[in-house]
Protein chains: 2
Amino acid sequence: MDEFTLINKIKQSSYRQSSLLKGVGDDAAVFRMSQGDLVTATDVFVENVHFSRKTMNPKQIGYRALAVNFSDLAAMGAEPMFYLVSIVVPERWKQEIQSIFMGMDELASEYQADLIGGDTVSGEDLMISINVIGRVDQGRARYRHEAKPGDLVFVTGTLGDSRAGLHILQSDQKYEQADYFIKRHRYPTPRIHFSLGLRDIDRIALNDISDGIVSEAAEIAEASEVNLILEEESLPVSKAFEQFTEKERVDWKLYGGEDFELLAVTAEENWASIKDIAKETDTRVTRIGYVEALEEESKDRLYLVKKGKRQPISKRGYRHLT
Amino acid sequence: MDEFTLINKIKQSSYRQSSLLKGVGDDAAVFRMSQGDLVTATDVFVENVHFSRKTMNPKQIGYRALAVNFSDLAAMGAEPMFYLVSIVVPERWKQEIQSIFMGMDELASEYQADLIGGDTVSGEDLMISINVIGRVDQGRARYRHEAKPGDLVFVTGTLGDSRAGLHILQSDQKYEQADYFIKRHRYPTPRIHFSLGLRDIDRIALNDISDGIVSEAAEIAEASEVNLILEEESLPVSKAFEQFTEKERVDWKLYGGEDFELLAVTAEENWASIKDIAKETDTRVTRIGYVEALEEESKDRLYLVKKGKRQPISKRGYRHLT
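About the criteria used
- Residues numbered from 1 in each chain as written.
- Chains lettered and ligands numbered in written order.
- Predicted model: local features only at pLDDT ≥ 70, side-chain atom pairs only at ≥ 80, totals over all residues.
- Pairing = 2+ DSSP bridges.
- Helix = DSSP H or I, 4+ residues; strand = E, 2+ residues; numbered from the N terminus.
- Axes fitted to C-alpha atoms, helices over the stretch in contact; angles between N-to-C directions.
- Contact = placed C-beta atoms within 7 Å.
- Nonpolar A, V, L, I, M, F, W, Y, C, P; charged D, E, K, R; others polar.
- Least-squares fit on C-alpha atoms with pLDDT ≥ 70 in both.
- Parallel < 35°, antiparallel > 145°, perpendicular 65-115°, else oblique.
- Left-handed = near helix turned anticlockwise from the far one by under 90°.
- Buried ≥ 20, exposed ≤ 12 C-beta atoms within 10 Å, placed from the backbone.
- Domains from an automatic or database assignment.

Trainee: I'd like a description of the sheet that holds strand β8 (residues 204-208) of chain A, backed by residues and values.
Mentor: Residue and element names in this part refer to chain A. A sheet is described by the order of its strands in space; here seven strands give the open sequence β8-β10-β7-β11-β9-β12-β13, paired in mixed fashion. Two strands lie at the open edges of the sheet, namely β8 and β13 (309-312), each paired on one side alone. Going from strand to strand, the sheet's axes swing by 25° on average, the running direction of each strand aside. In this structure, strand β7 (residues 152-156) lies alongside strand β11 (residues 285-293), joined through five bridges in antiparallel fashion. If you follow V155 over to β11, its bridge partner there is T286. Packed on one face of the sheet, helix α7 (residues 213-224) meets β7, β8, β9 (226-231), β10 (262-266) and β12 (302-306) and runs near 155° to β9.

Trainee: Break down the interface of chain A and chain B for me, citing the residues and quoting the values.
Mentor: Each partner contributes to the interface: chain A provides 45 residues, whereas chain B provides 45 residues. Every element with two or more residues in the side of chain A that touches chain B is listed here: β1 (20-22), β2 (29-32), β3 (37-46), α2 (58-74), β4 (79-89), β5 (114-122), β6 (127-136) and β8 of chain A. Looking at side-chain class alone, the side of chain A that touches chain B contains 22 nonpolar, 10 polar and 13 charged residues. As paired elements, β3(A) and strand β2 (residues 29-32) of chain B share four bridges and run antiparallel to each other. What sits directly across from A:T40, in β2(B), is B:A29.

Trainee: Outline the relation of the copies chain A and chain B, supporting the account with residue identities and numerical values.
Mentor: With an RMSD of 0.0 Å, chain A superimposes on chain B once it is rotated by 180° and translated 0.0 Å along the axis. Considering both components of the superposition, the chain copies are consistent with a two-fold axis.

Trainee: So what's going on with the packing of helix α2 (residues 58-74) of chain B against helix α3 (residues 97-110) of chain B? Which residues, and what values?
Mentor: Residues and elements named next belong to chain B. Between α2 and α3, the least distance of the axes is 6 Å, while the angle of their chain directions is 45°. The pairing of α2 with α3 is recorded here as oblique in orientation. The hand of the α2/α3 crossing is right-handed. Only S99, I100, F101, M102, G103, M104, E106, L107 and A108 of α3 make contact with α2, whose side of the interface consists of P58, K59, Q60, I61, G62, Y63, A65, L66, A67 and F70.

Trainee: Any chance you could break down the packing of helix α4 (residues 161-169) of chain B against helix α5 (residues 178-186) of chain B for me, citing the residues and the numbers?
Mentor: All names here are of chain B. Following both chains from N to C, one finds α4 and α5 inclined at 115°, their axes separated by 7 Å at the closest point. Relative to α5, the element α4 is oriented roughly perpendicular. Crossing of α4 against α5: the hand is left-handed. Seen from α4, the contacting residues are D161, S162, A164, G165, L166, I168 and L169; seen from α5, they are A178, F181, I182, R184 and H185. A breakdown of the residues in the contact of α4 with α5 according to their chemical character gives seven nonpolar, three polar and two charged.

Trainee: Could you give an account of the sheet that holds strand β13 (residues 309-312) of chain B, with specific residues and numbers?
Mentor: Residue and element names in this part refer to chain B. Strand order in the open sheet formed by seven strands is β8-β10-β7-β11-β9-β12-β13, and the pairing between neighbours is mixed. Two strands bound the open sheet, and with one partner strand each, they are β8 (204-208) and β13. Neighbouring strand axes in the sheet, compared pairwise and without regard to direction, differ in orientation by 25° on average. Relative to strand β12 (residues 302-306), strand β9 (residues 226-231) runs parallel, the two sharing four bridges. Residue pairing for β12: L230 is matched across the bridge by L304. Across the sheet, helix α7 (residues 213-224) lies against β7 (152-156), β8, β9, β10 (262-266) and β12, angled at about 155° from β9, the strand it touches most.

Trainee: Could you give an account of helix α4 (residues 161-169) of chain A, naming the residues involved and the relevant values?
Mentor: Counting buried positions over the nine residues of α4(A) gives seven, a clear majority of the element. Every buried residue of α4(A) is accounted for by A:D161, A:S162, A:R163, A:A164, A:G165, A:L166 and A:I168.

Trainee: Which residues make up the domain arrangement of chain A, and what values go with them?
Mentor: Accessible area lost on assembly of the parts is the figure often given for the size of an interface. Residue and element names in this part refer to chain A. Domain annotation of chain A identifies domain 1 (3-136) and domain 2 (144-312). Domain 1 and domain 2 are separated by 27 Å when their C-alpha centres are compared. On the side of domain 2, 18 residues touch domain 1, which itself brings 17 residues to the contact. Only α2 and β4 provide two or more residues apiece to the side of domain 1 that touches domain 2. The greatest single-element share of the side of domain 1 that touches domain 2, amounting to 10 residues, is contributed by α2. Broken down by class, the residue content of the side of domain 1 that touches domain 2 amounts to 10 nonpolar, four polar and three charged.

Structure below.
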């Protein structure tokens, strides 16, 4: 399949965003924004680093790659509008490229987002690079540096499920609710609806959990120049999570990553409204900690309270599949 | 070098675009547009497909990759504002990533554009995916489908130089003005200034010459549903181009590609203004053909006039280095 044939196969038959003036088919796409701010991010996915054919089919790979990008928009309080895809395609993947794009479109259609550009080239390793563009009401982008002493910390959903799903996919053992965990790994839910629901909250710091909650909490603490304290016993996990060993549970909920839940820090006075928004958008929210002023003599920013004992906890690098 | 160290090394110390609210350092970048339309495109570059270490150093690779993207903006009549870079880095390239980004910044600084996001991952093959975002006055994006019967066709600069430069780089022979051709290959000039100068021209179709003039002319003819006639004797080449064989000359100027000049189609009445704009922006422009109404009985859209004889000419696929 040459590039031209591929473009015609993946090109949307119609576009959903009224602001789009020109989609696929010229040197670039064109759109018009009259109100609000624009938000843009990019993520790259490489076979056997970010995903494997053994644990996901092409459609799932596409869905998940776009979900990861949409999650970045959710973490900024933005709604998805457009995405562009650059893809390097090895011979052995040629027949399945269309399925990858179908997986993306399945997610995109949920949020009325449009594929408006891309580039394709042959190569040795399957590589997918996605750029997303979204919008947020003027001045309402949600930054990491907005946390303040006295704030509460909360998280959406449950932690460690995606890592558990990957474990199950790579294991021969039988597990309870295996389908649930596998689905959470393959089809993460970017928390767009919940994030958009927060539009009237004056100040809230958001981060999406791609690299594990410890890493994301440390980023907020560093950017905001505060101490952030997480209470281990409060970290939400799903019921069937209990079947895993203690070591697995601790490791996965703290460092597992790729749950694409939102970690948030905001003033105590907003908590009641946030619980209402969570109910309206069918999102579980759990308080998991609080923020204190930075202690000048210490260089630690992030602490974990475990069985009443408070200890500094260090950000650990994200570990890829390989 | 881990990702965090890399980001700090490549992060601009200050930003040039006043519309930028947040650059590198959160889940996404944020900017505000009050007027005009937005233009966005993406291109991907793979080692030994689009570039080779044998013919370009890391800084040149970066410069050229961004120039190719800026050329897409020029072909839409847009000025560059922002770019995002996804990069897959093999171990053997780790030390040179910073130079690649320095090459990009060299070009970006000429147009006051900012690097506002990116993603880095380890992998087997060096791959660079760039997304550019630009702006154009409202309703002034330049599309391929704007050509009309009676229009004239012109091109900026000279054709085939980039392909000649690559030939010289891969050859042991001595050539006249080798430095000129090599520079045209390594440092293509996106025709941004000329393209922006056209802002008062009511209607003009533009395409940038990435895949050779025949391919680009065919795209305009197809999108506009017209016949487009190119006069081979009019195609502009540089003086030292004569040293190459006739076969090379014909091949390179028609199909060589990667000159990143602009191919344009507009009404006869605009020609005088266009020559003025060309003079002001120090750009050579040459009339090279004209547009006729589509002949219904023929499926050919593109013709080449050679020694007074007119023949249909078919679009040929772009041939990569390997």
